[in-house]
Amino acid sequence: MTHEPRGRFFEDFTVGEVLVTPKRTITSTDIVNFACLSGDFNGVHADHEYCKTTPFGEPIAHAPLVYAVMGGLQYASGVNDGTLLAVIGIDEWRMHKPVKHGDTVHMRSTVLKTKETSKSDRGIVSFKREFVNQHGEAVQSMFATFMYKRRAA
């Protein structure tokens, strides 16, 4: 029995199209677990007393934690399942707003460009990715380029 990929193939992407992932709430446990996993116990993430002296007033999520959660939400959306071949690049990753315990985030990806490659079994898709909170505000953004499988001729 063969497994049919549920992800999108190169041909399935249209320039201008907007893809939206499911949502997920960031918790204090997420922030603490990421500090343990990464070893990053910077006060802005892990010291409640220190955070009272910052503009945020409380611990904020690590930027790479939010990025990792978006990767999981992208997978949950099914877009990349069985069709993604490689991450080509992440450019201009920007942090616009802090993500705190209780914030609910999702990803909005706009297809900017598709490009065939010299190999007929793959193609390149470029996106503007925005990580959006429950208020509709972009908390992080970047340009991302991926390689996807093409459908068999």
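- Looking up the chain in an unreviewed UniProt entry gives the name Acyl dehydratase, with the organism given as Falsochrobactrum shanghaiense.

### A look at the overall build of the chain
Reasoning step 1: Across its full length, the chain carries 4 helices and 6 strands.
Reasoning step 2: Helices (α) and strands (β) of the chain occur, in sequence order from the N terminus, as β-β-α-α-α-α-β-β-β-β.
Reasoning step 3: Buried residues in the chain amount to 40% of all 153 residues.
Reasoning step 4: Expressed as a percentage of contacts within the chain between residues at least 6 apart in sequence, the contacts between residues at least 24 apart total 71%.
Reasoning step 5: Carbon and sulfur atoms form 53% of the exposed surface of the chain, whose accessible area is close to 8500 Å².

### Points about the side chain of Ser-109
Reasoning step 1: Structurally, the position occupied by Ser-109 is in strand β4 (residues 104-116).
Reasoning step 2: Note on Ser-109: relative accessible area 4%, which makes it buried.
Reasoning step 3: Once residues within four sequence positions are removed from consideration, Ser-109 is found in contact with Glu-17, Val-18, Leu-19, Gln-74, Phe-127, Lys-128 and Arg-129.

### Digging into the side chain of Arg-150
Reasoning step 1: Here Arg-150 shows up in the segment after β6 (138-149).
Reasoning step 2: Among the polar contacts made by the side chain of Arg-150, one reaches the side chain of Glu-11 at a distance of 3.2 Å.
Reasoning step 3: Setting aside its immediate chain neighbours within four residues, Arg-150 contacts Phe-9, Phe-10, Glu-11, Glu-116, Ser-120, Asp-121, Arg-122 and Gly-123.

### A closer look at the pairing of β4
Reasoning step 1: Of the pairings in the sheet, the one linking strand β1 (residues 18-20) to β4 comprises 3 bridges and is antiparallel in character. Directly across from Val-18, in β4, lies its bridge partner Thr-110.
Reasoning step 2: Both strand β2 (residues 24-25) and β4 contribute to a ladder of 2 bridges, which runs antiparallel. Pairing of Arg-24 across the sheet is with Val-105, part of β4.
Reasoning step 3: As defined by bridge partners, β4 adjoins strand β5 (residues 122-132) across 10 bridges and the pair is classed as antiparallel. Of the residues in β5, the one forming a bridge with Lys-115 is Ile-124.
Reasoning step 4: The turn joining β4 and β5, which pair antiparallel and follow one another in sequence, is formed by 5 residues.

### Section: the pattern of salt bridges
Reasoning step 1: Evaluated as defined, the whole model comprises 10 salt bridges.
Reasoning step 2: Among the ionic pairs, Asp-30 bridges to Arg-24, the shortest N-O distance being 2.9 Å.
Reasoning step 3: Using a relative accessible area of 15% as the deciding quantity, one classes Asp-30 as buried.
Reasoning step 4: A relative accessible area of 31% means that Arg-24 is categorised as partly exposed.
Reasoning step 5: Linked through salt bridges whose partners overlap, the residues forming this network are Glu-11, Glu-116 and Arg-150.

Cut-off values and rules
Residues numbered from 1 in each chain as written. Predicted model: local features only at pLDDT ≥ 70, side-chain atom pairs only at ≥ 80, totals over all residues. Heavy atoms only, no water. Helix = DSSP H or I, 4+ residues; strand = E, 2+ residues; numbered from the N terminus. Buried < 20%, exposed > 50% of the residue type's maximum accessible area, 1.4 Å probe, protein only. Contact = heavy atoms within 4.5 Å. Areas by Shrake-Rupley, 256 points an atom, 1.4 Å probe, with all protein chains shown as cover. Polar contact = N/O pair within 3.5 Å; in protein donor to acceptor, adjacent residues only side chain to side chain. Pairing = 2+ DSSP bridges. Salt bridge = Lys/Arg side-chain N within 4 Å of Asp/Glu carboxyl O.

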